[in-house]
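The primary structure of each chain is shown beneath.
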Amino acid sequence: EAARQSVAKEWDEAMTGVGFAIIVGHGVRPEVVAQMRSSAMSFFSQGVSDKLEYNYGQYGNQFGGFTAMGIEAVSRTRDAHGTDGGFDAAETMAAAPDLVE
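Quick caveat: nothing in here was measured; it's all calculated off a predicted structure.

Scoring rules and cut-offs
- Residues numbered from 1 in each chain as written.
- Predicted model: local features only at pLDDT ≥ 70, side-chain atom pairs only at ≥ 80, totals over all residues.
- Heavy atoms only, no water.
- 1 Å grid on protein atoms, 1.4 Å probe; cavity = no way out; pocket = protein on both sides within 12 Å on 5 of 7 lines; lining within 4 Å.
- Points joined across faces, edges and corners; volume = space filled by probe spheres on them.
- Helix = DSSP H or I, 4+ residues; strand = E, 2+ residues; numbered from the N terminus.
- Expected span 1.5 Å × (residues − 1).
- Phe/Tyr/Trp six-rings, centres within 6.5 Å; stacked < 30°, edge-to-face > 60°.
- Buried < 20%, exposed > 50% of the residue type's maximum accessible area, 1.4 Å probe, protein only.

Colleague: Please set out the layout of surface pockets residue by residue, giving values where relevant.
Modeller: Estimates place the volume of the largest pocket at around 1100 Å³. Looking at the largest pocket, it is lined by 21 residues, and the ones nearest its centre are M36, R37, A40, F44 and M93. When residues of the lining of the largest pocket are traced back to their parent elements, those giving at least two are α1 (2-18), α2 (30-44) and β2 (92-95). Broken down by element, the residue count for the lining of the largest pocket peaks at 8 residues, all from α2.

If you want it as structure tokens, here you go:
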């Protein structure tokens, strides 16, 4: 339990202080990670109207897809840290694992 609490504290500090974390030691081959980063950069550099073609419905639907800024509100879970509980300035793209080619 102490190890879990320590990791949770580190994760919380990364999310609240930096805004993201990089997970290492996961076993995913470097070339796969590089392709994922390249694909993400290519996707998110498009205009919003192009990205909205991949919106498959309400955030959290079974098909994944694109979620534009102002929809997701992860920051609401951080109210204990003094945030205003507003929406995050973030876009997301989620893939349903069983639908990925």
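Moving on, there is more to tell.
Colleague: Report on α1, specifying residues and quantitative values.
Modeller: Compared with the 24 Å implied by 1.5 Å per residue over 17 residues, the 23 Å span of α1 between its first and last C-alpha is a close match. Backbone geometry just downstream of α1 places G19 in the positive-phi region, at approximately 105 degrees.

Colleague: Go over the packing of aromatic side chains, please, and point to the residues and values.
Modeller: Summed over all chains, the structure comprises 3 aromatic pairs. With 5.0 Å between their ring centres and 85 degrees between their planes, F43 and F44 make a pair best called edge-to-face. For F43, a relative accessible area of 13% gives the class buried. On the basis of relative accessible area, F44 is assigned to the partly exposed category, the value being 29%. Aromatic side chains F43 and F66 sit 5.8 Å apart centroid to centroid with 65 degrees between the ring planes, which places their arrangement in the edge-to-face category. With F43 in helix α2 and F66 in strand β1 (residues 64-67), this residue pair connects regions lying 23 residues apart in the sequence. In this structure an aromatic cluster arises from ring pairing among F43, F44, Y54 and F66.

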